[in-house]
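Structural features, examined
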Number of protein chains: 2
Amino acid sequence: MTYEAPVRDMMFNIAHIAPNPGDLEMAAAVLEEFGRFCAEEVAPLNAPGDREGSRCDQGQVQTPAGFRQAYGKYVAMGWQGLVHPSEFGGQDLPRAVGAAAGEILNAANISFALCPLLTDGAIEALRHFGCAQMKQTYLPKLVSGTWTGTMNLTEPQAGSDLALLRTRADAQQNGTYKITGTKIYITYGEHDLAENIIHLVLARTPDAPKGIKGISLFVVPKFLVSADASLGPRNAVRCQSIEHKLGVRASPTCVMEFEGATGFLIGRENAGLDYMFTMMNAARFAVGVQGVAVGERAYQQALAYAKTRLQGRPVDGSAQGAVAIIHHPDVRRMLAHMRATTEACRALSAVAAGWQDTSDVAMAEFLVPLVKGFCTEMSVHIASLGVQIHGGMGFIEDTGAAQHYRDARILPIYEGTTAIQANDLLGRKTLRDGGATAGRIAEMIALTEQDLQQGSSVAQDIAARLGSARQDFQAVVAHLLTSSPNQAYAGAVPYLMLAGNLVAGWQMARAVLVAEAAQDCDHAFMSAKIATAHFYAHHILTETGLQRSRVIDGAASLLDTVF
Amino acid sequence: MTYEAPVRDMMFNIAHIAPNPGDLEMAAAVLEEFGRFCAEEVAPLNAPGDREGSRCDQGQVQTPAGFRQAYGKYVAMGWQGLVHPSEFGGQDLPRAVGAAAGEILNAANISFALCPLLTDGAIEALRHFGCAQMKQTYLPKLVSGTWTGTMNLTEPQAGSDLALLRTRADAQQNGTYKITGTKIYITYGEHDLAENIIHLVLARTPDAPKGIKGISLFVVPKFLVSADASLGPRNAVRCQSIEHKLGVRASPTCVMEFEGATGFLIGRENAGLDYMFTMMNAARFAVGVQGVAVGERAYQQALAYAKTRLQGRPVDGSAQGAVAIIHHPDVRRMLAHMRATTEACRALSAVAAGWQDTSDVAMAEFLVPLVKGFCTEMSVHIASLGVQIHGGMGFIEDTGAAQHYRDARILPIYEGTTAIQANDLLGRKTLRDGGATAGRIAEMIALTEQDLQQGSSVAQDIAARLGSARQDFQAVVAHLLTSSPNQAYAGAVPYLMLAGNLVAGWQMARAVLVAEAAQDCDHAFMSAKIATAHFYAHHILTETGLQRSRVIDGAASLLDTVF
């Protein structure tokens, strides 16, 4: 159950896959050090934290044993600030490095990592939309991790549908607002890790327009902050209870009651949803990275088990006694599937992070739903394979494989379900620009195919499969552009899965170009990368044909089904 | 969280899909009555049983509240005997009816149902291989359910690999044996539901040949049985502990210690594995049916939720306010996927059960790994979709959707993992007869295609897709027949998934022939069946192409991967 950060693969992606590598030496040093910290201080708390869970008693939330100490060290070492502006105490590192660091922390302990993940989202929103005074009040403390952040969107009747929000914001004479309402599913809404919690809360003023155009965003600190930056009185917000969940059990998921709590408007009234989307895009990307993380952790555990569990003779008769199960073809198939999917998703998240640091907003935004939707759906499957490789042992909670299967299951749900991601990809990112960004991606992929055709026979084989997947993508985009809304949205998730698979597979294909050119240095790594990319092309990228037929041929039979 | 047995669909399968329908009125009466019993008495214990779990204290196992009473009624009403011989108090019903009843009990409460499932296996083994006296001693009590049965195969070092068994059987002067050893993962190895427990135990005599040819099968009752059939002294077998598991938590999974327990040899020494296979074939089939059951329960719950949860506006603008989420295309897609897969797996298990009642052993045995492997892998996916449809609510344990996701996960593992099923399908059922049985199935499918081509445009569309899947199957079988062992077994699971999908889809296609001919009676049911079959053909049967390429093109890249 140990964890070792895959820094070599991460650095390969930062150097060769992300568009703008930045300072490679600095990145490697940071990731090595963070990997060591997480392996030693955070990863060992993962299984015990799951068993113990967080507890809520009269509004106080206690995290599992060890979480406070580990978080204290995390803050002391400055890890929260990696990608944030130096102006507020951060280190300004490229987002591809931030994605790798995020994977490491989440692989070590996803429940622990959720607290910093939400803080990142709050930093993002305040940085872009807060006034100067707000930034000065909150950002240094959030960037250092001394305070943590939350996102308060969901209410019992308003999950994916924020138009149904009811939480009320009443303007006061002094320019503040009184916030009243109940929010649910608030990750780390209350806890004992930090001295203050900065809630970002969606609410409506009494005269706001109905629906999503009448939502405003407020800062509601747990403790009000005095002019001298010291903590003032306790605000009227409290944790009513925490949920009993399938997974991420160490992370407290709170029901929050706002009882006339003092809130401060961010930006303009009724523009809250736009601000929230900025924060959510960052959070969605980060959740996609959580998918990579859980996949990697599940893979490392399954690999270790498969190397030591003796059971069964080889099918080719090459040994008489029982061998380690990693010698059985189907165990190898499952391990290869886990590894290839995880590496491809890691590369997808690296390239998406890199595009976020460029000025190509359309490309960066196209990739967010792919990272969130594809990497998280894959993580559920990978964690399930991890259980399967363990056989009966996988079903026993003590083994730890089952925890990944439970933890992974939230990832395709929170920060927008896969269908919400797919609708975003289809509506805002594909149909709105008439397929222009999708077309640009297809052209770039075709160039990679041409490059691969100059390579080895394996590279040519991968080129053929990539080309076929790219044609599936183009056919689907062309079909969706001319479909009725019901038909198009019936195919939204298969379209997302196709596009995510293609863009992830494309990164693996790009990796082959690098690896074939660099075989003389680090031969073992480069050959493994080529073999993994080859497996991906044969076993996973081939799913695009299935998704193509689901989108193009499958809408009619779907819409005909009567329940 | 209520459950309603899908008796209409089951009766359709018994009447039209299984080869030998038997007495339909009797079957319908039995299933209606059993459905009512399970819905009222067994289903309500499912969620509370999961929360409470079974407990073990000093060798005594206490099942959750309500289990004893429900089991008492189950026995009093004679449900254990449905498919067993009337000679021992059973009702001799066809196996297709037994499969339907098994689905009902497991859908109501899979943890509860595991106890009768194991008893069925013990009955099967004793009936075929026990001597007359054994049958007389044990079968009436097992068939009535007054006593329950267990299977004791696994040991810590011997899971899939029974060659590694160590449990010892020392022959005594009086013809009995002393059984000594530790068995793990013994379902209902100890409990408080019945007055006696009949363990069937695999063990080795001191002079037995090594490996699987030296395994014998023994009856080891918890209480020895006196000549007058009354309970005698307690045998030296006890439950040491029970496992803390991901799912089926109400079912006690026991570590059993045999400390010189008195055992009675079944049949001949060293022939135990053959006997065990008979029992396991029955148990494997029953586990496949558990997959159908969990899928159905998860579907019913997700459907009910989707009809009542209001969230979001329709994509086609047909309403202004929030609508029930069942109106959103992707929710419909997930529900249709759950339903089509579940109905197809139900039909697959019905046809397989029917073949078991014929003398066509090759056909019956070919279908067992498909039912076990395909239906259980699908159940994990279906239960996962059930969580997804619930959104955030699905991740909260109180909702109940998560329980199905946890429960389903054991199904592709116990009674032989999917890889074990696939190796059986490939080695014993396909290669051994040179593809003859596989070829016969392909011919029968081709006849169904011809019949469909005479039908509606939907039927013709399904015929085309079925034909394409059948060709995938034939190409794969031809390929496997000429592959090296490593190459062939690298494709074993994709081959199983292809074959299971094809044979399940074939039953849906056969159902269309029936439904199109019978549209004037029960029009709503018949049209729904056609629509579901159509969805299956477009969205699920199309996966055969992917599996074909994994088997045929994918072995090389898999075998090249280095770990």
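All of these numbers come straight from a predicted model, not from anything done at the bench. (Residues numbered from 1 in each chain as written. Chains lettered and ligands numbered in written order. Predicted model: local features only at pLDDT ≥ 70, side-chain atom pairs only at ≥ 80, totals over all residues.)

1. Describing the overall build of chain A
- Within chain A one finds 20 helices and 11 strands.
- The C-alpha radius of gyration computed for chain A amounts to 24 Å, which stays within 12% of the reference 24 Å derived for 563 residues, consistent with globular compactness.
- Dimensions of chain A along its principal axes, counting C-alpha atoms only, are 80 × 55 × 50 Å.
- The buried share among the 563 residues of chain A stands at 62%.
- Within chain A, contacts between residues at least 6 apart in sequence are counted, and of these 76% link residues at least 24 apart. (Helix = DSSP H or I, 4+ residues; strand = E, 2+ residues; numbered from the N terminus. Rg over C-alpha atoms; globule rule 2.2 N^0.38 Å. Buried ≥ 20, exposed ≤ 12 C-beta atoms within 10 Å, placed from the backbone. Contact = placed C-beta atoms within 7 Å.)

2. Description of the packing of helix α5 (residues 95-108) of chain A against helix α8 (residues 272-308) of chain A
Residue and element names in this part refer to chain A.
- The N-to-C vectors of α5 and α8 enclose an angle of 50°; their axes lie 8 Å apart at closest approach. One way to sum up the angle between α5 and α8 is to call them oblique. You can see that α5 and α8 cross each other, and the crossing is right-handed. Here Ala99, Gly102, Glu103, Asn106 and Ala107 of α5 lie close against α8, whose contacting residues are Ala286, Val289, Gln290, Val292, Ala293, Glu296 and Arg297. (Axes fitted to C-alpha atoms, helices over the stretch in contact; angles between N-to-C directions. Parallel < 35°, antiparallel > 145°, perpendicular 65-115°, else oblique. Left-handed = near helix turned anticlockwise from the far one by under 90°.)

3. Topic: the interface of chain B and chain A
- On the side of chain A, 71 residues touch chain B, which itself brings 71 residues to the contact.
- Considering every element that reaches the side of chain B that touches chain A, the biggest residue donor is helix α18 (residues 523-540) of chain B, with 7 residues.
- Taken together, the residues that form the side of chain B that touches chain A break down as 34 nonpolar, 23 polar and 14 charged. (Nonpolar A, V, L, I, M, F, W, Y, C, P; charged D, E, K, R; others polar.)

4. Description of the confidence of the model for chain A
- Confidence in the prediction for chain A averages 96 pLDDT; 100% of positions are at 70 or higher.
- Listed scores for the predicted complex are pTM 0.98 and ipTM 0.97. (pLDDT = per-residue confidence, 0-100.)

5. Section: the relation of the copies chain B and chain A
- Once turned by 180° and shifted 0.0 Å along the axis, chain B lies on chain A with an RMSD of 0.0 Å. The relationship between the two copies is best expressed as a two-fold rotation axis. The C-alpha atom lying nearest the rotation axis in chain B is that of leucine 546 of chain B; the distance is 3.5 Å.
- The overlap is high: 100% of the interface residues of chain B also sit at the interface in chain A, so the same surface is used on both sides. (Least-squares fit on C-alpha atoms with pLDDT ≥ 70 in both.)

6. Section: the pairing of strand β5 (residues 177-187) of chain A
Residues and elements named next belong to chain A.
- Among the 11 residues in β5, 8 count as buried, and that is most of the element.
- Sheet topology note: the strand β4 (residues 168-171)/β5 ladder contains 4 bridges and is antiparallel. By the bridge assignment for β5, alanine 171 is matched with tyrosine 177.
- Linking two consecutive strands that pair antiparallel, namely β4 and β5, is a turn of 5 residues; a positive phi of about 90° is found at glycine 175 within it.
- Note that β5 and strand β11 (residues 253-265) share 9 bridges and pair antiparallel. The residue bridging isoleucine 186 from the neighbouring strand is cysteine 254, located in β11. (Pairing = 2+ DSSP bridges.)

7. Notes on helix α10 (residues 361-389) of chain B
Residues and elements named next belong to chain B.
- Here α10 contains 29 residues, and its C-alpha end-to-end distance of 41 Å stays within 8% of the 42 Å for a straight helix at 1.5 Å per residue.
- The buried fraction of α10 is high, at 25 of 29 residues.
- Phi turns positive, to about 60°, at glycine 391, one or two residues after α10. (Expected span 1.5 Å × (residues − 1).)

8. A look at the nonpolar core
- With 394 residues, the main nonpolar core has Phe218, Leu348 and Tyr495 of chain A together with Phe218, Leu348 and Tyr495 of chain B as its most contacted residues.
- Sequence-distant contacts of leucine 348 of chain A, that is, excluding residues within four places in its chain, are made with Leu370, Val371, Cys375, Val503, Ala504 and Gln507 of chain A. (Core = buried A, V, L, I, M, F, W, Y, C linked by C-beta atoms within 7 Å.)

9. Points about unusual backbone geometry
- The phi angle at tyrosine 188 of chain A is positive, at roughly 50°, despite the residue not being glycine.
- By C-beta crowding, tyrosine 188 of chain A is classed as buried, having 26 other C-beta atoms within 10 Å.
- Positive phi values are uncommon outside glycine, yet glutamate 415 of chain B reaches one of about 60°.

10. With respect to the environment of methionine 378 of chain A
Residue and element names in this part refer to chain A.
- With respect to the element layout, methionine 378 can be found in helix α10 (residues 361-389).
- Using a count of 30 C-beta atoms within 10 Å as the deciding quantity, one classes methionine 378 as buried.
- As for methionine 378 and leucine 273, which are separated by 105 residues in sequence, their C-alpha atoms are 29 Å apart.
- Setting aside residues no more than four positions away along its own chain, methionine 378 makes contact with Gly291, Gly295, Thr341 and Cys345.

11. Side note on the packing of helix α15 (residues 457-481) of chain A against helix α17 (residues 492-517) of chain A
Residue and element names in this part refer to chain A.
- Following both chains from N to C, one finds α15 and α17 inclined at 150°, their axes separated by 10 Å at the closest point. The pairing of α15 with α17 is recorded here as roughly antiparallel in orientation. Our pair here, α15 against α17, has a crossing hand that is left-handed. Listed contacts from α17 to Ala459, Ile462, Leu466, Ala469, Arg470, Asp472, Phe473, Val476 and Leu480 of α15 are Tyr495, Leu498, Ala499, Leu502, Gly505, Trp506, Ala509, Val512 and Glu516.
- Partitioning the contact of α15 with α17 into residue classes produces 14 nonpolar, 1 polar and 3 charged.

12. Re the pairing of strand β11 (residues 253-265) of chain B
- Note: strand β7 (residues 216-221) of chain B against β11 of chain B, 2 bridges, orientation antiparallel. When the bridges of β11 of chain B are listed, valine 219 of chain B appears paired with phenylalanine 264 of chain B.

13. Side note on α18 of chain B
- An ideal rise of 1.5 Å per residue puts 26 Å on 18 residues; α18 of chain B measures up with 25 Å between its terminal C-alpha atoms.
- Within α18 of chain B, 13 of the 18 residues are buried, which leaves it mostly tucked inside the rest of the structure.

14. What to know about the environment of valine 255 of chain A
Residues and elements named next belong to chain A.
- The residue valine 255 is located in strand β11 in this model.
- In this structure, the C-alpha to C-alpha distance between valine 255 and arginine 510, residues 255 residues apart in sequence, is 45 Å.
- The residues touching valine 255, leaving out its near neighbours within four places in the chain, are Thr182, Ile184, Cys239, Gln240 and Ser241.

15. As for the environment of valine 248 of chain A
Residues and elements named next belong to chain A.
- As for its placement among the helices and strands, valine 248 is situated in the loop between β10 (237-242) and β11.
- The exposure class assigned to valine 248 is buried, which follows from the 30 C-beta atoms found within 10 Å.
- Measuring from C-alpha to C-alpha, the distance between valine 248 and glycine 354 comes to 28 Å, with 106 residues separating the pair along the chain.
- Non-local contacts of valine 248, meaning those with residues more than four positions away in its chain, are made with Ile110, Ser111, Leu114, Asp407 and Ile410.

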